[in-house]
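Below, each chain spelled out in residue letters.
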Amino acid sequence: MDNSNSKTKYFLDLDKKNTAHNYKPIPVVIKKAKGIWVWDVDGKKYLDCLSAYSSQNFGHRHPKLVNALKKQLNKVILTSRAFCNDSMGKAAKKLCELTGYEVFLPMNTGAEAVESALKIARKWGYEKKNVEENKAEIIVCENNFHGRTITIVGFSTDPDCYSGFGPKTPGFKIIPYGDIEALKKAITKNTVGFLVEPIQGEAGVIVPPEGYLKEAYELCKEKNVLFIADEIQTGFCRTGKLFASEYEDIKPDMTLVAKAVGGGVWPVSGVLSSWEIMDVLTPGTHGSTWGGNSAGMAVLEAVCDLVKEQDFSGRARELGQFFMDGLKKIQKKYPDKIKEVRGKGLLVAIELKVKARPYTEALKNNEPVGVLAKETHSYSIRFAPPLTISEKDLTWALEVIDKVFGEI
Ligand SMILES: *Cc1c(COP(=O)(O)O)cnc(C)c1O
């Protein structure tokens, strides 16, 4: 599409001139969103197949979540943790009941939840496992994505993430994902934690071999190593369970939540764990000015209620199967372009044999209604629509995908 005289072009230029160039977005400028649909500044409608990296699992501006937020905005929004508020405890109790954990540490963004877990694991190592001071090691996986802080990018294996940002924080060991023998070899007496994504989202929806997570978990139990599941992208029904870890019947020592736990209306994140682990944090040892703020906690409580009321996981499983079957049929039609279809629930990706960007642009440009999906790295396209999508709308999306692969 030629944008040269459009409002879209105006806003793209405005961004380009005034904000850091740390993203290469699909050139669409959204001004309105509802449920699974978004509209751009020129009035065109699109299906959102990214859901803000699975933050919008319940659809944009879910009425129950917006109402919970609005109600709270009229009372109190932020007190800081220097004082207490009447939302945090209530929300944490509901979240713990829903997830089966004893205690919640509230933060705001995903990277903060990860950093918090790393701090907790180290302190737990020194205080409860008697690891010698400054010797704690944490094991992570190749192709991980855990966020963008200076420590986290230091254990990324993606040069775009770490290059130019050294020196790296010491104390991290990187092993291949899905390789239980590598984990066995990497664990030493100084190992305090194993940080892992149950499915690697940013890497292109990489599902590990069946049984891997369970074996890794059992190995961690045997060696007294904390198993830390980063469910920031996989959690809250996206993969067809509340947490993807449930597929292998494991209960990680720490589970990290963000993205969908804020219902797409407020940034909420945090660490779920047991008191035995969490009580290494004592007053003054960790904090966040906005962590546990009234608005976010009101939203969190509403998200917990919503997930209890409606079977989003069941929907994700059924629709995910339907969608993957459809994508596999498209793969059969274009075997020279599509290498693989993979995923779980409604966290799905296709890996191409050719560069993905022309396809994501063509999906966006489909007329009269576009499909928004983003390539991850150069060759994969992730499809993760809100879990509220209907089979009819998914069928339409499959038709558009089929058409685009026929044309390019
Ligand atoms: C998005 C993401 C993060 C980082 O979350 P931010 O809110 O962007 O800091 C961490 N881990 C995983 C698995 C993610 O998908």
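Residues numbered from 1 in each chain as written. Predicted model: local features only at pLDDT ≥ 70, side-chain atom pairs only at ≥ 80, totals over all residues. Heavy atoms only, no water.

(A) Layout of the overall build of the protein chain. When its secondary structure is counted, the protein chain shows 14 helices and 15 strands. Whereas a compact globule of 408 residues would reach a radius of gyration of roughly 22 Å, the protein chain reaches 21 Å, a difference of no more than 12%. For the protein chain, the spread of C-alpha atoms along the principal axes amounts to about 60 × 55 × 45 Å. By the burial criterion, 56% of the 408 residues in the protein chain qualify as buried. Counted over contacts in the protein chain with a minimum sequence separation of 6, partners at least 24 positions apart contribute 74%. Counting only carbon and sulfur atoms, one obtains 53% of the accessible surface of the protein chain, whose full area is about 18,300 Å². (Helix = DSSP H or I, 4+ residues; strand = E, 2+ residues; numbered from the N terminus. Rg over C-alpha atoms; globule rule 2.2 N^0.38 Å. Buried < 20%, exposed > 50% of the residue type's maximum accessible area, 1.4 Å probe, protein only. Contact = heavy atoms within 4.5 Å. Areas by Shrake-Rupley, 256 points an atom, 1.4 Å probe, with all protein chains shown as cover.)

(B) Seen up close, the site of the ligand. Neighbouring residues of the ligand: T109, G110, A111, F145, H146, G147, E197, D230, I232, Q233 and K259. Between the ligand and K259, the relevant distance is 2.7 Å, taken from an oxygen atom to a side-chain nitrogen or oxygen of the residue. Calculation on the ligand without its partners gives an accessible area of 380 Å², and the protein chains cover 80% of this total. (Near = heavy atom within 4 Å. Polar contact = N/O pair within 3.5 Å; in protein donor to acceptor, adjacent residues only side chain to side chain.)

(C) Molecular detail of helix α9 (residues 212-223). Given a rise of 1.5 Å per residue, 12 residues ought to cover 16 Å, and the 16 Å separating the end C-alpha atoms of α9 matches this to within 8%. Considered for burial, the residues of α9 that qualify are Y212, L213, A216, Y217, L219 and C220. For α9, the arc enclosing every buried residue in end-on projection is 160°, short of the 170-degree limit, so these residues lie on one face. The elements touched by buried residues of α9 are β5 (137-141), α8 (180-186), β7 (191-196) and β8 (226-230). (Expected span 1.5 Å × (residues − 1). Arc of directions from axis to C-beta.)

(D) Examining a positive patch on the surface more closely. Taken together, K32, K34, R61 and K70 make up a surface patch of like positive charges. Note that K32 resides in strand β1 (residues 30-34). (Patch = residues over 30% accessible without salt bridge, like charges linked within 9 Å, V, L, I, M, F, W, Y side chains within 5 Å. Salt bridge = Lys/Arg side-chain N within 4 Å of Asp/Glu carboxyl O. Lys, Arg positive; Asp, Glu negative; His and termini not counted. Charge placed at Lys NZ, Arg CZ, Asp CG, Glu CD.)

(E) Spatial organisation of unusual backbone geometry. Of note, the amide linkage connecting G166 to P167 takes the cis form, showing an omega dihedral of 0°. With respect to the helices and strands, the residue P167 is situated in the loop between α7 (159-162) and β6 (172-175). Cis geometry is adopted by the peptide bond preceding P368, which originates at E367 and carries an omega value of 0°. Tracing the backbone through its elements, the reader meets P368 in the loop between α13 (357-365) and β13 (369-372). Its identity as a non-glycine residue notwithstanding, A52 has a phi of 45°, on the positive side. Looking at the element boundaries, A52 is found in helix α2 (residues 51-54). Classification of A52 as partly exposed rests on a relative accessible area of 35%.

(F) How the structure looks around the sheet that holds β7. The seven strands are arranged β4-β10-β9-β8-β7-β5-β6 in an open sheet whose pairing can be described as mixed. Across the chains shown, the open sheet's two edge strands, defined by having one partner strand only, are β4 (103-107) and β6. Looking at each pair of strands side by side, their axes are set apart by 20° on average, direction ignored. In this structure, β5 lies alongside β6, joined through four bridges in parallel fashion. Bridging across to β6, V140 finds its partner in I174. Together, β4 and β10 (269-273) form the strand contacts of helix α4 (residues 88-99), whose direction differs from that of β4 by roughly 125°. (Pairing = 2+ DSSP bridges. Axes fitted to C-alpha atoms, helices over the stretch in contact; angles between N-to-C directions.)

(G) Geometry of the domain arrangement of the protein chain. Each assigned domain of the protein chain is listed with its residue range as follows: domain 1 (7-61 + 312-407) and domain 2 (63-309). Here domain 1 and domain 2 have C-alpha centroids that lie 27 Å from each other. Opposite the 29 residues of domain 1 that make contact, domain 2 presents 30 residues. A combined buried area of about 2,400 Å² lies between domain 1 and domain 2, and 58% of that area is made up of carbon and sulfur atoms. Where domain 1 meets domain 2, there are one salt bridge. A salt bridge links E202 to R382, with the shortest nitrogen-to-oxygen separation between them at 2.7 Å. At the boundary of domain 1 with domain 2, the tally comes to 16 residue pairs in polar contact (both at pLDDT 80 or more). Looking at the side of domain 1 that touches domain 2, the elements with two or more residues in it are α2, α12 (312-333), β11 (338-344), β12 (347-352) and β15 (380-383). Among the residues forming the side of domain 1 that touches domain 2, the class breakdown is 13 nonpolar, 11 polar and five charged. (Domains from an automatic or database assignment. Buried area = accessible area lost by both parts, 1.4 Å probe. Nonpolar A, V, L, I, M, F, W, Y, C, P; charged D, E, K, R; others polar.)

(H) Structural detail: the packing of helix α3 (residues 63-73) against helix α11 (residues 294-309). It is the contact of α3 with α11, at a shortest axis distance of 9 Å, that shows an interaxial angle of 150°. Taken together, α3 and α11 sit at an angle that is classed as roughly antiparallel. By crossing handedness, the relation of α3 to α11 is classed as right-handed. Judged by residue contacts, K64, L65, A68, L69, Q72 and L73 of α3 engage S294, A295, A298, V299, A302, V303, L306 and E309 from α11. Looking at the contact of α3 with α11, its residues break down into 10 nonpolar, two polar and two charged. (Parallel < 35°, antiparallel > 145°, perpendicular 65-115°, else oblique. Left-handed = near helix turned anticlockwise from the far one by under 90°.)

(I) Region of interest: the nonpolar core. Within the largest apolar cluster, 67 residues are counted, with the highest numbers of intra-cluster contacts made by F58, F236, L300, F323, L327, I350 and F383. The dominant element in this core, judged by the number of residues it contributes, is α11, at nine residues. Formed jointly, this core draws a minimum of three residues from each of two domains, domain 1 (7-61 + 312-407) and domain 2 (63-309). For F323, the residues in contact, after removing those within four places along its chain, are L346, V348, F383, L394, L398 and I401. Counting 30 residues, the second largest nonpolar core, distinct from the first, contains W124, V140, L226 and I232. (Core = buried A, V, L, I, M, F, W, Y, C linked by side-chain atoms within 4.5 Å.)

(J) Molecular detail of the packing of α4 against α11. Viewed as axis vectors pointing N to C, α4 and α11 meet at an angle of 30°, and their least axial separation amounts to 8 Å. The orientation of α4 with respect to α11, classified from their angle, is roughly parallel. As α4 runs across α11, the sense of the crossing is left-handed. In contact with M88, K90, A91, K94, L95 and L98 of α4, α11 contributes M297, L300, E301, C304, D305, V307 and K308. Here the residues of the contact of α4 with α11 sort into eight nonpolar, no polar and five charged.

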